[in-house]
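Per-entry structural report
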Amino acid sequence: MKRVVFILISWVTCITGTVIAQEKPASTLDIRILESIAETRTEPQTQTFKVLSDINNYVQVAVPVGLLVVGAINNDKAMRQNALYVASSTAVTALVNVGIKHLVKRSRPFKKYPNFISVRTASGYSFPSGHTSSAFATASSLSRAYPKWYVVAPSLLWAGSVGYSRMYLGVHYPTDVLAGAVLGAGSAFALDGLKK
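The notes below deal with the structure included here. The structure presented is a predicted model; accordingly, all values stated were derived computationally and were not measured. Throughout, residues of each chain are indexed from 1 in the direction in which the sequence is written. The model is predicted, so local features are restricted to residues of pLDDT at least 70 and side-chain atom pairs to those at 80 or more, both for listing and for counting; the totals for chains, interfaces and linings are taken over all residues. Side-chain numbers come from the whole structure's heavy atoms, not from hydrogens or water.

**Observations concerning the side chain of histidine 131**
On the secondary structure map, histidine 131 appears in helix α6 (residues 130-145). Polar contact is the term for a pair of N or O atoms within 3.5 Å; when the atoms are in protein, one must be able to donate a hydrogen and the other to accept it, and sequence-neighboring residues count only if both atoms are side-chain atoms. Engagement of the side chain of histidine 131 in a polar contact is seen with the side chain of arginine 166, the distance being 3.5 Å. Helix and strand assignments follow DSSP, with helices taken as H or I runs no shorter than four residues and strands as E runs no shorter than two, numbered in order from the N terminus.

Dropping the structure here:
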(Lines give C-alpha, C1' and ligand atoms only; values in the text may rest on other atoms or scores of the structure.)
Protein backbone atom coordinates (compact mmCIF):
# COMPACT_ATOMS: atom_id res chain seq x y z
CA MET A 1 0.00 0.00 0.00
CA LYS A 2 2.84 2.41 0.89
CA ARG A 3 4.40 1.84 -2.52
CA VAL A 4 1.18 2.70 -4.31
CA VAL A 5 0.78 5.91 -2.28
CA PHE A 6 4.33 7.07 -3.05
CA ILE A 7 4.00 6.24 -6.72
CA LEU A 8 0.78 8.25 -6.85
CA ILE A 9 2.40 11.17 -5.02
CA SER A 10 5.33 11.05 -7.45
CA TRP A 11 3.08 11.14 -10.48
CA VAL A 12 0.83 13.89 -9.04
CA THR A 13 3.92 16.00 -8.36
CA CYS A 14 5.18 15.44 -11.88
CA ILE A 15 1.80 16.30 -13.41
CA THR A 16 1.58 19.42 -11.25
CA GLY A 17 5.09 20.34 -12.36
CA THR A 18 4.07 19.86 -15.96
CA VAL A 19 1.29 22.41 -15.52
CA ILE A 20 3.65 24.84 -13.77
CA ALA A 21 6.29 24.31 -16.45
CA GLN A 22 3.82 25.43 -19.11
CA GLU A 23 3.18 28.80 -17.42
CA LYS A 24 3.69 31.82 -19.65
CA PRO A 25 3.75 34.85 -17.27
CA ALA A 26 6.88 36.97 -17.44
CA SER A 27 7.61 36.46 -13.75
CA THR A 28 6.57 33.33 -11.88
CA LEU A 29 7.19 32.43 -8.26
CA ASP A 30 9.84 29.99 -9.50
CA ILE A 31 12.04 32.66 -11.09
CA ARG A 32 11.46 35.10 -8.22
CA ILE A 33 12.81 32.50 -5.79
CA LEU A 34 15.85 31.93 -8.01
CA GLU A 35 16.48 35.68 -8.22
CA SER A 36 16.30 35.92 -4.42
CA ILE A 37 18.84 33.11 -4.07
CA ALA A 38 21.09 34.76 -6.68
CA GLU A 39 21.16 37.98 -4.63
CA THR A 40 22.76 36.10 -1.70
CA ARG A 41 25.58 34.46 -3.69
CA THR A 42 29.12 34.75 -2.34
CA GLU A 43 32.33 33.30 -3.78
CA PRO A 44 32.85 30.74 -0.94
CA GLN A 45 29.23 29.55 -1.23
CA THR A 46 29.51 29.37 -5.00
CA GLN A 47 32.60 27.15 -4.76
CA THR A 48 30.91 24.91 -2.18
CA PHE A 49 27.76 24.43 -4.25
CA LYS A 50 29.79 23.79 -7.42
CA VAL A 51 31.64 20.99 -5.62
CA LEU A 52 28.40 19.53 -4.18
CA SER A 53 26.82 19.50 -7.60
CA ASP A 54 29.91 18.08 -9.32
CA ILE A 55 30.49 15.14 -6.97
CA ASN A 56 26.84 14.07 -6.85
CA ASN A 57 27.23 11.53 -9.67
CA TYR A 58 30.26 9.98 -7.97
CA VAL A 59 28.31 9.60 -4.72
CA GLN A 60 25.49 7.83 -6.59
CA VAL A 61 27.98 5.18 -7.69
CA ALA A 62 30.13 5.12 -4.52
CA VAL A 63 27.27 4.34 -2.10
CA PRO A 64 26.01 1.10 -3.68
CA VAL A 65 29.54 0.02 -4.68
CA GLY A 66 30.71 0.65 -1.11
CA LEU A 67 27.84 -1.42 0.28
CA LEU A 68 28.58 -4.20 -2.20
CA VAL A 69 32.31 -4.28 -1.40
CA VAL A 70 31.82 -4.23 2.38
CA GLY A 71 29.06 -6.83 2.05
CA ALA A 72 31.38 -9.07 0.01
CA ILE A 73 34.30 -8.64 2.42
CA ASN A 74 32.12 -9.38 5.46
CA ASN A 75 30.10 -12.06 3.66
CA ASP A 76 26.98 -10.02 4.53
CA LYS A 77 24.18 -11.05 2.19
CA ALA A 78 21.82 -8.35 3.51
CA MET A 79 24.32 -5.60 2.75
CA ARG A 80 24.86 -6.92 -0.76
CA GLN A 81 21.09 -7.00 -1.24
CA ASN A 82 20.83 -3.42 0.02
CA ALA A 83 23.51 -2.40 -2.49
CA LEU A 84 21.22 -3.72 -5.23
CA TYR A 85 18.27 -1.85 -3.69
CA VAL A 86 20.13 1.49 -3.61
CA ALA A 87 21.50 1.04 -7.14
CA SER A 88 18.08 0.02 -8.49
CA SER A 89 16.34 2.99 -6.88
CA THR A 90 18.82 5.38 -8.44
CA ALA A 91 18.70 3.67 -11.85
CA VAL A 92 14.88 3.63 -11.99
CA THR A 93 14.80 7.28 -10.96
CA ALA A 94 17.25 8.19 -13.73
CA LEU A 95 15.18 6.41 -16.38
CA VAL A 96 11.90 7.97 -15.27
CA ASN A 97 13.60 11.37 -14.99
CA VAL A 98 14.84 11.25 -18.58
CA GLY A 99 11.37 10.25 -19.79
CA ILE A 100 9.69 13.12 -17.95
CA LYS A 101 12.29 15.63 -19.20
CA HIS A 102 11.54 14.69 -22.81
CA LEU A 103 7.81 14.74 -22.17
CA VAL A 104 7.71 18.17 -20.46
CA LYS A 105 10.59 19.90 -22.32
CA ARG A 106 10.91 22.77 -19.86
CA SER A 107 13.65 25.28 -20.70
CA ARG A 108 16.39 26.02 -18.19
CA PRO A 109 15.89 29.25 -16.18
CA PHE A 110 18.80 31.05 -17.86
CA LYS A 111 17.34 30.22 -21.29
CA LYS A 112 13.76 31.25 -20.55
CA TYR A 113 14.75 34.39 -18.64
CA PRO A 114 17.75 35.96 -20.43
CA ASN A 115 18.15 38.60 -17.70
CA PHE A 116 18.64 35.91 -15.05
CA ILE A 117 22.32 35.26 -14.46
CA SER A 118 23.23 31.69 -13.62
CA VAL A 119 26.54 30.53 -12.20
CA ARG A 120 26.58 27.62 -14.62
CA THR A 121 24.89 26.54 -17.78
CA ALA A 122 23.57 23.06 -18.45
CA SER A 123 22.29 21.29 -21.50
CA GLY A 124 19.02 19.45 -21.84
CA TYR A 125 15.72 20.17 -20.17
CA SER A 126 15.06 21.48 -16.71
CA PHE A 127 12.11 19.52 -15.27
CA PRO A 128 12.64 17.52 -13.07
CA SER A 129 16.11 17.97 -11.61
CA GLY A 130 18.17 14.86 -12.35
CA HIS A 131 20.80 15.64 -9.72
CA THR A 132 18.12 16.09 -7.07
CA SER A 133 16.15 12.98 -8.04
CA SER A 134 19.26 10.78 -7.97
CA ALA A 135 20.44 12.27 -4.66
CA PHE A 136 17.04 11.68 -3.05
CA ALA A 137 16.77 8.16 -4.50
CA THR A 138 20.13 7.25 -2.98
CA ALA A 139 19.47 9.04 0.33
CA SER A 140 15.96 7.61 0.71
CA SER A 141 16.89 4.04 -0.19
CA LEU A 142 19.95 4.13 2.08
CA SER A 143 17.80 5.54 4.89
CA ARG A 144 15.14 2.85 4.31
CA ALA A 145 17.78 0.10 4.35
CA TYR A 146 19.52 1.47 7.47
CA PRO A 147 16.95 3.51 9.44
CA LYS A 148 19.36 4.90 12.03
CA TRP A 149 19.59 8.63 12.72
CA TYR A 150 23.29 8.68 11.84
CA VAL A 151 22.43 7.36 8.36
CA VAL A 152 19.16 9.22 7.78
CA ALA A 153 20.28 12.71 8.89
CA PRO A 154 23.47 12.95 6.79
CA SER A 155 21.78 11.28 3.81
CA LEU A 156 18.88 13.71 3.73
CA LEU A 157 21.17 16.67 4.46
CA TRP A 158 23.30 15.62 1.48
CA ALA A 159 20.29 15.23 -0.83
CA GLY A 160 18.78 18.55 0.27
CA SER A 161 22.12 20.30 -0.26
CA VAL A 162 22.41 18.87 -3.77
CA GLY A 163 18.89 20.11 -4.57
CA TYR A 164 19.65 23.57 -3.21
CA SER A 165 22.93 23.68 -5.15
CA ARG A 166 21.04 23.24 -8.41
CA MET A 167 18.89 26.30 -7.64
CA TYR A 168 21.86 28.28 -6.33
CA LEU A 169 23.80 27.60 -9.54
CA GLY A 170 20.77 28.75 -11.54
CA VAL A 171 20.26 25.59 -13.58
CA HIS A 172 16.93 24.48 -12.05
CA TYR A 173 13.72 26.04 -10.78
CA PRO A 174 12.44 25.23 -7.27
CA THR A 175 9.63 23.15 -8.80
CA ASP A 176 12.24 21.13 -10.73
CA VAL A 177 14.01 20.39 -7.45
CA LEU A 178 10.78 19.59 -5.58
CA ALA A 179 9.65 17.19 -8.31
CA GLY A 180 13.11 15.60 -8.38
CA ALA A 181 13.04 15.05 -4.61
CA VAL A 182 9.59 13.45 -4.75
CA LEU A 183 10.55 11.31 -7.74
CA GLY A 184 13.74 10.07 -6.07
CA ALA A 185 12.11 9.33 -2.72
CA GLY A 186 9.10 7.78 -4.47
CA SER A 187 11.34 5.40 -6.41
CA ALA A 188 13.07 4.30 -3.20
CA PHE A 189 9.73 3.60 -1.55
CA ALA A 190 8.34 1.90 -4.65
CA LEU A 191 11.29 -0.52 -4.73
CA ASP A 192 11.18 -1.09 -0.97
CA GLY A 193 10.68 -4.83 -1.51
CA LEU A 194 14.31 -5.15 -2.71
CA LYS A 195 15.85 -4.18 0.63
CA LYS A 196 16.82 -6.62 3.38
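That shown, we press on.
**Thoughts on the packing of helix α3 (residues 43-73) against helix α4 (residues 77-104)**
Axis definition: a line fitted to C-alpha atoms, limited for helices to the stretch in contact. Angles are taken between N-to-C directions and run from 0 to 180 degrees. Contact geometry for α3 and α4: axes closest at 7 Å, N-to-C directions at 165 degrees. On the basis of their axis angle, the class for α3 and α4 is roughly antiparallel. Here α3 and α4 pass one another in a crossing that is left-handed. Facing Gln60, Val63, Pro64, Leu67, Leu68, Val70, Gly71 and Ala72 of α3, the residues of α4 in contact are Met79, Arg80, Asn82, Ala83, Val86, Ala87 and Thr90. Among the residues forming the contact of α3 with α4, the class breakdown is 10 nonpolar, 4 polar and 1 charged. For classification, angles of less than 35 degrees are called roughly parallel, those exceeding 145 degrees roughly antiparallel, those between 65 and 115 degrees roughly perpendicular, and all remaining angles oblique. Crossing chirality is assigned from the near helix's rotation relative to the far helix, an anticlockwise turn below a right angle marking it left-handed and a clockwise turn marking it right-handed. The contact definition used throughout considers only heavy atoms, calling two residues in contact when any of these lie within 4.5 Å. Polar here means any residue outside two lists: the nonpolar Ala, Val, Leu, Ile, Met, Phe, Trp, Tyr, Cys and Pro, and the charged Asp, Glu, Lys and Arg; Gly therefore counts as polar.

**Considerations on the packing of aromatic side chains**
For Phe, Tyr and Trp, rings pair up if their centres lie within 6.5 Å, where Trp contributes its six-membered ring, and each pair is then called stacked (planes under 30 degrees apart), edge-to-face (over 60) or tilted (otherwise). This model, assessed by the stated rule, comprises 5 aromatic pairs. Considering the side-chain rings of tryptophan 149 and tyrosine 150, the 5.8 Å spacing of their centres and the 85 degrees angle between planes classify their relative orientation as edge-to-face. Assigned by exposure class, tryptophan 149 and tyrosine 150 land together as exposed. Members of the aromatic cluster, each reached through a chain of ring pairs, are Phe49, Tyr164 and Tyr168. Buried, partly exposed and exposed residues are distinguished by accessible area as a fraction of the type maximum, computed with a 1.4 Å probe on protein chains only: under 20%, between the cut-offs, and over 50%, respectively.

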